[in-house]
Amino acid sequence: MSQQGYDFFSFSRSLGKHSRVLVSPEQLENFQGLLTSQQLNHRLINGNLGATFAEEFAQRQMQRLLMPITGKGRLTTDRYYTHEEITNYINDLAARYPSRVYVKTVGWSYEKREMKTITITNGDGRPDKKVVFMDGGFHAREWISPAAVLYVIDQLVEKFEENAYLLKDYDWVILPVVNPDGYEHTQTGTLARIFRKTRQPYKLLGQTCYGADPNRNFDFHWNEEGASSNPCVDTFAGPTAFSEPETIVVRDLMHSLADRGIMYLTMHTYGNYLLYPWGWTSDLPDTYDQLDAVARAGGDAIEAATGTVYTVGTSTNALYIAAGTSNDYAYYAGFNISITMELSGGGVTGFDPPASSIDEFVTETWIGVRAMAEKVIEMF
């Protein structure tokens, strides 16, 4: 919750797109009065978010008791998984498919959780293939993001025969959860569910506030517009660029892959957007036409298959200005195509789709990812 007593869960520059705001009970009357004075239509969609989260938390605990996993075999889309379960799963894939799947420890989070990538190949042993680098779980509360990434992994590994053409000339390097500390924190109880940032503590006027926004922490137009220097707000850029060990891991991966890296794809939620650089300015990048073609291929495929419409454009012009993001940094670091995919939202906040929606959301996401990959293969 911001110091003003409210937080915007969604906000868009696009006409016709609604915004969703969390308001403290103390500020509800004032906030509604402000909206009325500005002649803005509004409605209260949940009068007690804490109670809703408490009920969801109890349901998740029951799901885990009824559907435990050992880390072996395929994950289902029936529930969300912990960081440990995700790590065990990719380790098991590497053990079961040693000629096509490789798992590597690439770093450690602030709270010393192991961060691993999974590299998926077709097993032909060809060195120096082009690379698609994909990640999920930047923001702690965006649980559907790692779920969608896991589904992509499943499609490329377990359904290899159907998707082998995506691996003929490309290796896929995937980091399922960029922010494991924050992700785990959101699973500890109702009050933590909407937490967004990392978990490194920072102090402000004697108050301890946790974490920086990892998607404002990259050293490309760091801490400019759309980011904050206040450690107690959700868009805190950190005290310095790359202050968070998690963003250092992503940075180092980008640079290690940049000579082969063609597409960077980062999964977020929510809002149905396919966004590309720039996020720090409304100016268009030099290769705008290539970026737009790939993003539109994904959006068109999703709409044709499901009817869901994705807004396509630069981050600033389609959504809002945000400096210091991984999307901009990857493009700056040499990836030809760099895209942020903002998945569909669900639940009360947009960040809490029920487990019953996971399968629908991740299969829809895969349609877009596959189409974008096909376009990249065609172009590069």
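First things first, this report covers the structure right here in the doc. For clarity, every value in this text was computed on a predicted model and none was experimentally measured. Numbers given for residues are sequential positions, taken from 1 along each chain in its written order. Side-chain atom pairs in this predicted model are given and counted only at pLDDT of 80 or more, local residue features only at pLDDT of at least 70, and totals for whole chains, interfaces and linings cover all residues. Excluding hydrogens and water, the side-chain figures rest on all heavy atoms present in the structure.

### Re the nonpolar core
How we decide: Nine residue types can take part in a nonpolar core, namely buried Ala, Val, Leu, Ile, Met, Phe, Trp, Tyr and Cys, and a core is a set of them joined through side-chain atoms within 4.5 Å. Burial classification: accessible surface area is computed with a 1.4 Å probe over protein chains only, and a residue below 20% of its type maximum counts as buried, one above 50% as exposed, and the rest as partly exposed. Put simply, DSSP marks the helices as runs of H or I at least four residues long and the strands as runs of E at least two long, and each gets a number from the N terminus on. It only takes one pair of heavy atoms within 4.5 Å for two residues to be counted as in contact.
Membership of the largest hydrophobic core comes to 80 residues, with the highest contact counts inside it found for F133, I153, W172 and M341. With 10 residues, helix α4 (residues 144-157) is the largest single contributor of residues to this core. The contacts of W172, once residues within four sequence positions are left out, are I118, T119, I120, V132, M134, V152, L156, L166, L167, V369 and A373.

### Considerations on the pairing of strand β10 (residues 273-276)
In plain terms, the rule: Paired strands are those between which DSSP finds at least two bridges. If you view a crossover with the strands going away from you and the path from the first strand over the helix to the second runs clockwise, you call it right-handed.
Residues of β10 alternate between two faces, with Y273 and L275 on one and L274 and Y276 on the opposite face, all of them buried. In the sheet, β10 pairs with strand β11 (residues 311-314) via 4 bridges, with the strands oriented parallel. Bridge assignment links Y273 to a residue of β11, and that residue is T311. In this fold, β10 hands off to helix α8 (residues 288-306), which returns the chain to β11; that crossover is right-handed.

### Quick look at the sheet that holds strand β5 (residues 130-135)
Our working definition: For helices, the axis comes from a line fit to the C-alpha atoms of the stretch in contact; other axes are also lines fit to C-alpha atoms, and the angle between any two N-to-C directions lies between 0 and 180 degrees.
Read across the open sheet, the 8 strands follow the order β3-β4-β6-β5-β9-β12-β10-β11; overall the sheet is mixed. Single-partner strands in this sheet number two, and they are β3 (101-108) and β11. The sheet shows a mean angle of 20° between the axes of neighbouring strands, taken without regard to direction. With 3 bridges connecting them, β10 and strand β12 (residues 337-343) associate as antiparallel partners. Each bridged residue has a counterpart across the sheet, and for L275 the counterpart in β12 is T340. Together, β3 and β4 (114-120) form the strand contacts of helix α3 (residues 83-96), whose direction differs from that of β4 by roughly 35°.

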